Each structure stands twice: as C-alpha cells, then as structure tokens.
Amino acid sequence: MSDVLSARNLRKRFVDGERELRVLDGIDLDIRRGERVAVVGRSGTGKSTLLHILAGLADPDVGEVRVAGQSMTSASSDGRAAIRNQYMGFVYQFHHLLPEFSALENVAMPLIVSGRTSLESEERAKNLLDAVDLTERVGHRPHQLSGGERQRVALARAMATEPDILLADEPTGNLDRENASRVMKLIADMSTATGTAFIVVTHDASIADKMNRSFVLEDGRLNA
Ligand SMILES: Nc1ncnc2c1ncn2[C@@H]1O[C@H](COP(=O)(O)OP(=O)(O)O)[C@@H](O)[C@H]1O
Ligand SMILES: [Mg+2]
C-alpha cells in the first residue's frame, strides 16, 4: 500500500549572523497508512521545524514531502491548504480551542467549515467526544475543562474530518503523567479504529511505547 506521507532528503538551516545552524541534515521518512511513528529529541533539535515542513507550513531548503502521493513541497499555498484540509489533522502542546465555544461546538467547527450541516456535524462531534470519554462535558467551554480534558477535545477536533494522518507536536507537554498516558492511549485506539496514521514529535521518550516505530532526531538526522 502507498505511503500516506513520505519525506526525502529534507534539509533546513537557519543563518544567524555568521552562525549557521543545520537543523535538518538529510531526513528521509515514510509513514504507511495507519502506522504510528514517534520522533524523539531534546529541546532545540528541530522537531517542530520538521513537523512544520511535513505539514507544508514551512519550506525545506532541499528535499520533498509527499502526502497521499501529492507533492506538498511544490504545491501553491492554496494547494497546500487543500492537502492539509483533506488529509491532515493536528494536535499541539497548547490546545488552541476557541474559548467562546463549547467542547461540542469546537469539535463540530471543522465539519461545518467543510460544508456539513450543523445537525450532522454536531452528531459526529458528539460521537467523537464519546470516544475520548467526554460524554458528560459536551457543553463545557475550554476554561471549564481540566488540561487533560481540553487536550482530549483537541484530539476529537483533530479527528473530526477523518484525516489520513494526525501530526502532533508535544501533545502531552502540558499534562501530568497519568493524563499524558491517557491521551496517548486514546490516540493509539483511535488510530487503530480509523486507520489514521500518526506522527508525534516529543522530548518525552516514554511516548515511544505505544508507537509502531520510533526515531531519535539528533544532529539533523533521524536515527532508529
Ligand atoms: N525561524 C527560525 N529562525 C532561526 N532559527 C530558528 C527558527 N526556527 C527554529 N530555529 C532554531 O532551530 C532549532 C530547532 O528549533 P525547533 O524545531 O523549534 O526545535 P524543537 O521543536 O526540537 O525544540 C532551534 O535552535 C531554534 O532556535
Ligand atoms: Mg518544538
């Protein structure tokens, strides 16, 4: 089966005065449908840079990213947005939920934006919130939820449009160990149930547990 995401020879450097920082120095990565992959690295090793390039939110100096067979790197900015909307979901360290809206409305939002009726969107949002154990919290606004609950809403929202691949940048960075492992287990369960591939970048090596493969990002390279 084809890869949902593939990256070839990604290179990225930042120049600061006369100092040159080689953040990515030849990264190759292939992620198959439904596969879960962790990239672990210390702070400042280039994890977020890598994820931004995979998402088409930043350009590599050299190299190519393909998503579901389409070139992200050579697409226009509208083309990239379309690829992101069709194939990708995102979870960040900070939940980025809309504060004025309930959990249900936050999860339904991407569905309404993609053209579904509000009835259909809310129905699906409710099912997703069930799946992340928030049945009793659908009407709560983000400030009425705990950190772990907010991150589970963010996960439900990211999965709403049935992405082929979920990209996560330190998704458990603000959670205690128990909530972190709960979120990771939910991601693993959802990915198994839906066939959504998952790539997580994190400094937390224990996250690699529930993954199919994990790599260490060090000196611009991915090592097994
Ligand atoms: N836009 C930028 N301009 C200059 N340097 C940057 C920029 N973005 C990131 N960096 C530098 O690149 C390195 C990797 O950053 P980042 O990808 O955010 O690391 P991580 O997510 O692993 O902590 C850091 O040293 C950071 O300071
Ligand atoms: Mg980062």
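Not measured: the values here are computed from a predicted model.

## Structural notes on the site of ligand 1
All residues in the neighbourhood of ligand 1 are listed as Phe-14, Leu-21, Val-23, Gly-41, Ser-43, Gly-44, Thr-45, Gly-46, Lys-47, Ser-48 and Thr-49. Looking at the shell around ligand 1, the elements that each hand over two or more residues are strand 2 (19–32) and helix 1 (47–54). Classifying every residue of the shell around ligand 1 gives three nonpolar, seven polar and one charged.

## Some words on the sheet that holds strand 5 (residues 70–71)
An order of 2-1-4-5 is seen for the four strands of this open sheet, with the pairing classed as antiparallel. Both outer strands of the open sheet, strand 2 and strand 5, are each paired with one neighbouring strand and no more. Helix 1 contacts strand 1 (3–16), strand 2 and strand 4 (62–67) of the sheet and is inclined by roughly 125 degrees relative to strand 1.

## Side note on the environment of Phe-198
Mapped onto the elements, Phe-198 comes out in strand 8 (residues 197–202). Taking C-alpha positions, Phe-198 is 6.0 Å from Leu-167, a pair spaced 31 residues apart along the chain. If we ignore the near neighbours within four places in the chain, the residues touching Phe-198 are Arg-36, Leu-166, Ile-187 and Ser-191.

## Structural notes on helix 3 (residues 103–113)
Among all positions of helix 3, only Ala-103, Leu-104, Asn-106, Val-107, Ala-108 and Leu-111 are buried. For helix 3, the elements touching its buried residues are helix 4 (118–131) and helix 5 (147–159). Just past helix 3, the residue Gly-115 takes up positive phi, approximately 105 degrees.

## Considering the confidence of the model for the protein chain
For residues with low pLDDT, the predicted coordinates do not support detailed interpretation. Within the protein chain, residue pLDDT values average 95, and 100% of them lie at 70 or more. By mean pLDDT, the top-scoring element of the protein chain is strand 4 (98), and the lowest-scoring one is helix 6 (residues 177–194) (92).

## Structural notes on helix 4
Helix length check: helix 4 (14 residues) gives 20 Å between terminal C-alpha atoms against 20 Å at 1.5 Å per residue, within 8%. Of all the residues in helix 4, the buried ones are Ser-121, Ala-125, Leu-128 and Leu-129. On an axial view of helix 4, the arc spanned by its buried residues comes to 95 degrees, and they lie on one face. Pointing more than 90 degrees away from the buried face of helix 4 are the exposed residues Leu-119, Glu-120 and Asp-130. Its buried side turned inward, helix 4 meets helix 3 and helix 5. Following helix 4 by one or two positions, Asp-133 has its phi on the positive side, about 60 degrees.

About the criteria used
Residues numbered from 1 in each chain as written. Chains lettered and ligands numbered in written order. Predicted model: local features only at pLDDT ≥ 70, side-chain atom pairs only at ≥ 80, totals over all residues. Near = placed C-beta within 6 Å. Helix = DSSP H or I, 4+ residues; strand = E, 2+ residues; numbered from the N terminus. Nonpolar A, V, L, I, M, F, W, Y, C, P; charged D, E, K, R; others polar. Pairing = 2+ DSSP bridges. Contact = placed C-beta atoms within 7 Å. Axes fitted to C-alpha atoms, helices over the stretch in contact; angles between N-to-C directions. Buried ≥ 20, exposed ≤ 12 C-beta atoms within 10 Å, placed from the backbone. pLDDT = per-residue confidence, 0-100. Expected span 1.5 Å × (residues − 1). Arc of directions from axis to C-beta.

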